[in-house]
Structures are given as structure tokens and as C-alpha cells.
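# Summary of structural features
For reference, the chains in residue letters:
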Amino acid sequence: MCNAEIDPKTVPHMRELMAGLPTNWGKWGPDDEIGCLNYLTQAEVLRGVASIRSGKTFTLQVQMGNPKGDPVWPGRRGAQRINLMDKGDFICGNGPQTPGCHEFADDLMIMYLQGSTQYDALGHVWYDDHIYNGFDAKSTAGGMQKASVLPIAERGVVGRGILIDMARHRGKDVLDRGETFNHHDLIDAAKAQGIEIEKRDILLVRTGWIGSFYRRDPAEFYTDFVEPGLTFSRELVDWFKEMEIPNLVTDTIANEVTLEPETGVMIPLHCALMRNLGVAFTEIAALDALAADCAQDAQWSFLYTAAPLKVVNGSGAPVNPLVIK
Ligand code: UVW
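Residues numbered from 1 in each chain as written. Predicted model: local features only at pLDDT ≥ 70, side-chain atom pairs only at ≥ 80, totals over all residues. Heavy atoms only, no water.

Around the ligand, a shell composed of Trp73, Arg76, Gln114, Asp120, His124, Ile253, Ala254, Ile267, His270 and Glu283 is seen. Arg76 is positioned with one of its side-chain polar atoms (N or O) 2.9 Å from an oxygen atom of the ligand. Between Glu283 and the ligand, the recorded distance is 2.9 Å, taken from a side-chain N or O atom to an oxygen atom. Summarising the interface, the protein chains cover 92% of the accessible area of the ligand, which totals 260 Å² for the free molecule. Residues that form the shell around the ligand fall into these classes: four nonpolar, three polar and three charged. (Near = heavy atom within 4 Å. Polar contact = N/O pair within 3.5 Å; in protein donor to acceptor, adjacent residues only side chain to side chain. Areas by Shrake-Rupley, 256 points an atom, 1.4 Å probe, with all protein chains shown as cover. Nonpolar A, V, L, I, M, F, W, Y, C, P; charged D, E, K, R; others polar.)

Below, the structure is given as C-alpha cells:
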């Protein structure tokens, strides 16, 4: 993951890039661990419900433990499902004898909590020794004591979702490696789709990237790994703050272009939006089927619901979001 044109020695520290940018630390009290999800009030749930028209439903999780592999951040591994008990054990006489003689299958999964469609904990990424809301980064030691995924999981996420199909807007099946877009592009794409991004919308952005994983050779997918995505600017961060966006959902592994092209800084929006503003991040979402349907019926807003698994002290947790149109 490097950009040959950028000299690593000139890449600024995250602190320099973030200097003077807004935060929401303290806005919902010193103990807050769910950030912008606080914007999803009962009124927002009803606004989401009001956008339901046909009753069509879509699940947004990618398959886990897919034999082709699971799309993950380089260095992580896809989920491994291990069979522990099946009919073979009973045929061989190794299955337990149960009262009434029922038989059963059992299995175990080993996975990165960020190794599927997932919610990041707000404390997942930080700089300068502080995570979201100013909690000490040492609180992550041995498991996240603060701003883990658990408070997000306990609360759940429900509101009006809006899908911006950036790939379709640019006339592509999938955006190019490292291709960027900003909030102006999102607004323009929304306009072309005949819809407006409203305050407190849960923002879903399709690039086609995760869908393309299943059609590509994995070696090619990971070569010179630079995902397409949103790119950092002060104006973009201000826009997210003013729009009170509670949750950013994309079909990429990290929700933003991997390396900010001007400076070479890696994933600065994790810091500007998640660490500083408390925007919830949902990554590796499967958006192709939803996007195809939205293009067909021209309905790009819907009720979005999601609840990640309740992993105690987790830095993230898998989720299967459900959209109702
Ligand atoms: C990283 O941790 C790099 O990204 P993600 O939020 O996708 O886990």
C-alpha cells in the first residue's frame, strides 16, 4: 500500500492534517460512546419508516466464510468456519449418545471482527493517544473498555437511509483503484438520482468495489491495494458535521480512499469522522442488489436498520443490515 509518487518522509502526521478540525467530543456528555448515532431519535426512526413504499427487503451483509475468500483489509484473514461435528462423526461412532438419540452438526468460526460487513467501534482508530470523546487510548489495552462496539450493538441503528450510487453516476460497474470523490460529488449524484441528501440521513455509498472482489482474481484485487472512496478535505468534514450524518455505509473495506492522494496519509477520515465527530462506520456492505433495484424503481431512500453483534470490548462486530423500501 504505497503511492510511488509520494515520499513517505513528507507524509504529515495525522495531528497536522486534523489541526483545527471540528470534534463532537463532549457534545453528548463525557461518557458518550455512540457519537452521531445520538442523532437517530424516535423522530428519525419514523422518518425512515415514512420512506417505506413497497415492502421490498434487502440484506446488506456479504457472505462469511465464502470458499472464494472474504474481502478483508490486507494483513487480515477471511472468516474460517471449522466443522466440529456432523453425520460423519455419527457414522464413525464418534458422535455423542444422546437421550432419544438425536444427532446434530456443530461448527466453530474464527474471524477478524472487521473481517465481514461490520460496524467499527468508535474507538477503533485513533491518533495522539486519545480515542473518540477524548477517552485515553490506553483504555483499548486488552480489549476496549471505552467506545467499544458494544454500546452501538446495545442501541441498534434505525433511520432513513439514502443510497448514492457513485459508480453508476460515473457510468462504471466499479470505480477504479484509488478513484476519489467528495461531498460535492455525492450531492451531484443524488441530484442525478432525483433525490436530496437530508440532514441525519444514514449515508450509503456504492462504488462497486466489494462486488468486484467476487469477479476478480484475489491476487489482482490486492495488488497495489488502494481502494476507491471518499477523500479527505476540511470542507467535507464540515459537511458531515453540518449534515449530522449518523452513519456512513460503503461497499469498500475502509469507507474511504486508502491513501489521501495529496498527502499520502492513510485513512484520515477514520480520524476526522469517526474519532473526532463520532460518525459510525459500516464497511464491506453488499450494495449491488439494492442499487440495481433502486435504479429500476427510482426509489433511493428507505428504512435502514442494523444491529452489530454484542461483542464485549470489541473493536468492531459483524452485522447484517436490513433495508426496507
Ligand atoms: C482499518 O482498520 C485499516 O480499517 P477498518 O476500519 O476497515 O477496519
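What follows covers helix H9 (residues 234-243). Of all the positions in H9, only Leu236, Val237, Trp239, Phe240 and Met243 are classed as buried. With its buried residues spanning 155 degrees around the axis, H9 presents them on a single face. Looking at the buried positions of H9, the neighbouring elements they touch are helix H6 (183-192), strand S7 (202-206), strand S8 (229-230), strand S9 (247-250) and helix H10 (268-277). Glu244 sits one or two residues past H9 and shows a positive phi near 55 degrees. (Buried < 20%, exposed > 50% of the residue type's maximum accessible area, 1.4 Å probe, protein only. Helix = DSSP H or I, 4+ residues; strand = E, 2+ residues; numbered from the N terminus. Arc of directions from axis to C-beta. Contact = heavy atoms within 4.5 Å.)

Turning to the nonpolar core, a few remarks are in order. Among the nonpolar cores identified, the biggest contains 73 residues, and Leu186, Ile197, Leu203, Leu204, Phe240 and Tyr304 are the most heavily contacted of them. Per-element tally for this core: the top contributor is H10, with six residues. In this view, Ile197 contacts Ile162, Ile164, Leu186, Ile187, Ala190, Leu203, Trp239, Met243 and Ile245; residues no more than four positions away in its chain are not counted. Counting twelve residues, the second-largest nonpolar core is a separate cluster that includes Ile210, Phe221, Ala254 and Ile267. (Core = buried A, V, L, I, M, F, W, Y, C linked by side-chain atoms within 4.5 Å.)

In an α-helix, one turn spans 3.6 residues, which is why side chains three or four residues apart end up on the same side. Listed as buried for helix H2 (residues 42-50) are Glu44, Arg47 and Gly48. Along the long axis of H2, the arc covered by the buried residues comes to 100 degrees, so they all point the same way. Those residues of H2 that are exposed and angled more than 90 degrees off the buried face are Gln42, Ala43, Leu46 and Ala50. The elements touched by buried residues of H2 are strand S5 (157-165) and strand S11 (301-306).

Attention shifts here to the domain arrangement of the protein chain. Domain annotation for the protein chain reports domain 1 (26-64 + 114-324) and domain 2 (80-110). The C-alpha centroid of domain 2 is placed 39 Å from the C-alpha centroid of domain 1. (Domains from an automatic or database assignment.)

The subject of this paragraph is the packing of H9 against H10. Contact geometry for H9 and H10: axes closest at 11 Å, N-to-C directions at 30 degrees. The orientation of H9 with respect to H10, classified from their angle, is roughly parallel. Remark: the crossing between H9 and H10 carries right-handed chirality. Facing H9, whose interface residues are Leu236, Val237, Phe240 and Lys241, H10 presents Leu269, Ala272, Leu273 and Leu277. Here the contact of H9 with H10 is composed, by residue class, of seven nonpolar, no polar and one charged. (Axes fitted to C-alpha atoms, helices over the stretch in contact; angles between N-to-C directions. Parallel < 35°, antiparallel > 145°, perpendicular 65-115°, else oblique. Left-handed = near helix turned anticlockwise from the far one by under 90°.)

This brings us to the side chain of Gln118. Looking at the secondary structure, you find Gln118 in strand S4 (residues 118-120). A polar atom in the side chain of Gln118 sits 2.6 Å from the side chain of Glu283. Those residues within four positions of Gln118 in sequence are excluded, and the remaining contacts are Leu113, Phe281, Thr282, Glu283, Ile284, Ala317, Pro318 and Val319.

A separate point is the pairing of S11. Judged by how many residues are buried, S11 sits mostly within the fold: six of six residues are covered. Here S5 pairs with S11 via six bridges, running antiparallel. By the bridge assignment, Val158 is partnered in S11 with Thr305. Bridge count between S11 and strand S13 (residues 322-324): three bridges; the pairing is antiparallel. Looking at S13, one finds that Thr305 is bridged to Leu322. (Pairing = 2+ DSSP bridges.)

A cluster of nonpolar residues, Ile82, Leu84, Leu108 and Ile110, forms a patch on the protein surface that exposes about 330 Å² of accessible area. The set of elements that each furnish at least two residues to the nonpolar patch consists of strand S2 (80-85) and strand S3 (106-110). (Patch = residues over 30% accessible without salt bridge, like charges linked within 9 Å, V, L, I, M, F, W, Y side chains within 5 Å. Salt bridge = Lys/Arg side-chain N within 4 Å of Asp/Glu carboxyl O.)

Sheet strands pair via backbone hydrogen bonds, and the direction of the pair is either parallel or antiparallel. In spatial order, the strands read S1-S13-S11-S5-S7-S9-S10-S4-S12; together these nine strands make up an open sheet with mixed pairing. Looking along the sheet, the strands with just one partner apiece sit at the ends: strand S1 (57-59) and strand S12 (316-318). Here the average twist between neighbouring strands, direction ignored, is 25 degrees. Bridge count between S9 and strand S10 (residues 280-283): three bridges; the pairing is parallel.

Our focus in this paragraph is the pairing of S9. Residues Asn247 and Val249 point to one face of S9 and Leu248 and Thr250 to the other, with burial holding for every one of them. By the bridge criterion, three bridges tie S7 to S9 in an arrangement that is parallel. Bridge assignment links Val205 to a residue of S9, and that residue is Thr250. One crossover worth recording links S9 to the parallel S10 by way of H10, and it is right-handed. (Right-handed = clockwise from strand over helix to strand, strands pointing away.)

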